[in-house]
Amino acid sequence: MADEPNLLGEYVRARRELVTPEQAGIPVFGVRRVPGLRREEVALLAGISADYYLRLEQGRDRNPSVQVLKAIARVLRLDDTATAHLLRLGADGPRRHRARPHRRKETVPPSITKLLTTLPLPAMVEGRYFDVLAANPLATALSPRFTPGANRLRSLFLDPAEQALHPQWEKSSGGIVAAFREAVGTDTDDPRFIELVGELSLASPLFSRLWARHDVQSCEAAAKCLDHPQVGALRLNRERLSIDGAPGQTLVIYHPDPDTDAADKLTLLAAAIQPPARTDKGPLRQTRH
C-alpha cells in the first residue's frame, strides 16, 4: 500500500496547517515551530487519540468512520463542500493496484453541439478537467482561448493574453483551482489530471502554491468582469449547467444584465463577427420565349 496515493492524509495535513491556534481557541505560549495546528491539537479537539490521527495523516489507517471525519472537519473549519470532499476521500479507502488507465475521451452530445450554434450568447462546453470541448463563435470572440482544444487552467495561469482579459485574475485564481480539485475528487490517476497538474505546478508558482492549499469549492454562478481588447470593460454573469448524459461536462454561458452597457457591447461584438451580407446575387437567369 506504500505506493498508493495518500489523498486523505495530504488533505487533512494541508488544511491543518491553515488553521491558526487562535481560530481553534488554543492559547499560544512562546514560539510555535509549525504552521497552523499541531497533530495532537487536532486529535484533542476532534476527540480522538493522537496516535490514531497520526496514522490517518501518514496513510497507515485509511478506513476512518464518518463520525471521525466529521469531527476532524469541524476542527479544521471546513465548509459543507470541503467536508463532502473529505468524506469522499475517506470513503475511497485503499485502492487495488491497477494499470494507469488510458486518457478518457470526452465527447459532447450532438444535441448540445447544435444548441451552441443557436444561442445568441457566448457559450461553451467544459470537460471535467476544464478542457474546452466546444464553443460557439461569440464565445471565441469574447476570448480566443474559448475554443476547442484549449484548457481554462492553462490559459489563465500561462497565457498573458488571457490574464489581461481578467484584470483580477490573480485574486480570483484560487477559486478556479479549488473548483478544479472539487471536480476531480478522488480520480487522481487519470492521465489528463496527472499531465495537467504536473505541467502547471512546474510552470506556474502561483498555481503550485494554490494547489498545495487543498482548497475545495463548488464552481457556481458568478459575475465576471472582463477587459476586452475591442469593446472594453464588460461585466457578465456566468452560468454553469450540468449536461445530462455527459458526466463532468458543463455548459458555460455568459450573459449581461438587460439594458446595460455590457449588453450593448456584447451586441457590438456579435455584429463584428457576422459575415458580410452578400451583394452579388449571380447572373440573371434568362427567360426563354
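Note that this is a predicted model, so its numbers are computed, not measured.

A few points about the overall build of the chain
- Assigned secondary structure in the chain consists of 14 helices and five strands.
- Buried residues in the chain amount to 45% of all 289 residues.
- Considering only intrachain contacts with a sequence separation of at least 6, the fraction spanning at least 24 residues in the chain is 55%.
- Summing over all exposed atoms, the chain offers an accessible surface of approximately 16,600 Å²; the carbon and sulfur share of this is 53%.

Quick notes on the packing of helix H1 (residues 7–16) against helix H4 (residues 50–58)
- Remark: H1 packs on H4, axes separated minimally by 6 Å, with the N-to-C direction vectors making an angle of 115 degrees. With respect to H4, the axis of H1 lies roughly perpendicular. Where H1 approaches H4, its residues Leu8, Gly9, Val12, Arg13 and Arg16 are matched on the opposing element by Tyr53, Leu56 and Glu57.
- Its residues assigned to classes, the contact of H1 with H4 shows four nonpolar, one polar and three charged.

Points about the sheet that holds strand S1 (residues 123–126)
- Read from one edge of the open sheet, five strands run S2-S1-S5-S4-S3, paired in antiparallel fashion. Of all strands in the sheet, those with a lone pairing partner are strand S2 (132–135) and strand S3 (222–228), marking the two edges. Direction aside, the axes of adjacent strands within the sheet are offset by 30 degrees on average.
- Looking at chain direction, S1 and strand S5 (residues 250–255) are connected through four bridges and run antiparallel. In the sheet register, glutamate 126 faces S5, and the bridge partner there is threonine 250.
- Where helix H7 (residues 110–118) meets the sheet, it contacts S1, S2 and S5, and its direction lies at approximately 155 degrees from that of S1.
- Contacts between helix H14 (residues 261–272) and the sheet are confined to S3 and strand S4 (232–242), with S4 contributing the most and set at about 85 degrees to the helix.

Here's the deal with the pairing of S4
- Where S3 and S4 come together, seven bridges link them in antiparallel fashion. The residue bridging leucine 226 from the neighbouring strand is leucine 234, located in S4.
- Count of turn residues in the S3/S4 antiparallel hairpin: three residues.
- The pairing of S4 with S5 spans six bridges and is classified as antiparallel. Within S5, the residue paired with arginine 238 across the bridge is tyrosine 254.

Things to note about H14
- With 12 residues, H14 ought to run about 16 Å at 1.5 Å a step, and its terminal C-alpha atoms sit 17 Å apart, in line with that.
- For H14, the set of buried residues is Ala262, Ala263, Lys265, Leu266 and Leu269. The buried residues of H14 occupy an angular sector of 165 degrees when projected down its axis, which confines them to one face. Looking at H14, the residues exposed on the side facing more than 90 degrees away from the buried face are Asp264, Thr267, Leu268 and Ala271.

Here we look at the packing of aromatic side chains
- Applying the stated criterion across every chain, the model contains nine aromatic pairs.
- Between phenylalanine 157 and tryptophan 169, the ring centres sit 6.1 Å apart and the planes meet at 85 degrees, which makes this aromatic pair edge-to-face. Of the two residues, phenylalanine 157 is situated in helix H9 (residues 152–158) and tryptophan 169 in helix H11 (residues 169–184); the sequence distance between them amounts to 12 residues. Neither phenylalanine 157 nor tryptophan 169 differs from the other in exposure class; each is buried.

Focus on the nonpolar core
- Core analysis: the largest hydrophobic core is formed by 26 residues, its most contacted members being Ile48, Ile72 and Leu86.
- Of all elements in the fold, only H1, helix H3 (39–46), H4, helix H5 (66–75) and helix H6 (80–92) reach the threshold of two or more residues within this core.
- The element best represented in this core is H5, accounting for six residues.
- Not counting the four nearest positions on each side in its chain, isoleucine 72 is found in contact with Val12, Ala46, Ile48, Tyr53 and Leu56.
- If you look at the next biggest cluster of nonpolar residues, it comprises 19 residues, including Tyr129, Ala179, Leu200 and Leu210.

With respect to the pattern of salt bridges
- Following the criterion strictly, the structure yields 17 salt bridges and no others.
- A salt bridge links aspartate 51 to arginine 55, with the nearest nitrogen and oxygen atoms 2.5 Å apart. Linking aspartate 51 with arginine 55, this pair stays in helix H4, spanning four residues, or about one helical turn.
- On the basis of relative accessibility, which here comes to 44%, the residue aspartate 51 falls in the partly exposed class.
- Assessed through its relative accessible area of 24%, arginine 55 is described here as partly exposed.

Here's the deal with unusual backbone geometry
- In this structure, arginine 77 is a non-glycine residue whose phi angle is positive, near 60 degrees.
- With respect to the element layout, arginine 77 can be found in the loop between H5 and H6.
- Positive phi, normally seen in glycine, also occurs at aspartate 259, with a value near 60 degrees.
- For aspartate 259, the position within the fold is in the loop between S5 and H14.

About the cut-offs
- Residues numbered from 1 in each chain as written.
- Predicted model: local features only at pLDDT ≥ 70, side-chain atom pairs only at ≥ 80, totals over all residues.
- Heavy atoms only, no water.
- Helix = DSSP H or I, 4+ residues; strand = E, 2+ residues; numbered from the N terminus.
- Buried < 20%, exposed > 50% of the residue type's maximum accessible area, 1.4 Å probe, protein only.
- Contact = heavy atoms within 4.5 Å.
- Areas by Shrake-Rupley, 256 points an atom, 1.4 Å probe, with all protein chains shown as cover.
- Axes fitted to C-alpha atoms, helices over the stretch in contact; angles between N-to-C directions.
- Parallel < 35°, antiparallel > 145°, perpendicular 65-115°, else oblique.
- Nonpolar A, V, L, I, M, F, W, Y, C, P; charged D, E, K, R; others polar.
- Pairing = 2+ DSSP bridges.
- Expected span 1.5 Å × (residues − 1).
- Arc of directions from axis to C-beta.
- Phe/Tyr/Trp six-rings, centres within 6.5 Å; stacked < 30°, edge-to-face > 60°.
- Core = buried A, V, L, I, M, F, W, Y, C linked by side-chain atoms within 4.5 Å.
- Salt bridge = Lys/Arg side-chain N within 4 Å of Asp/Glu carboxyl O.

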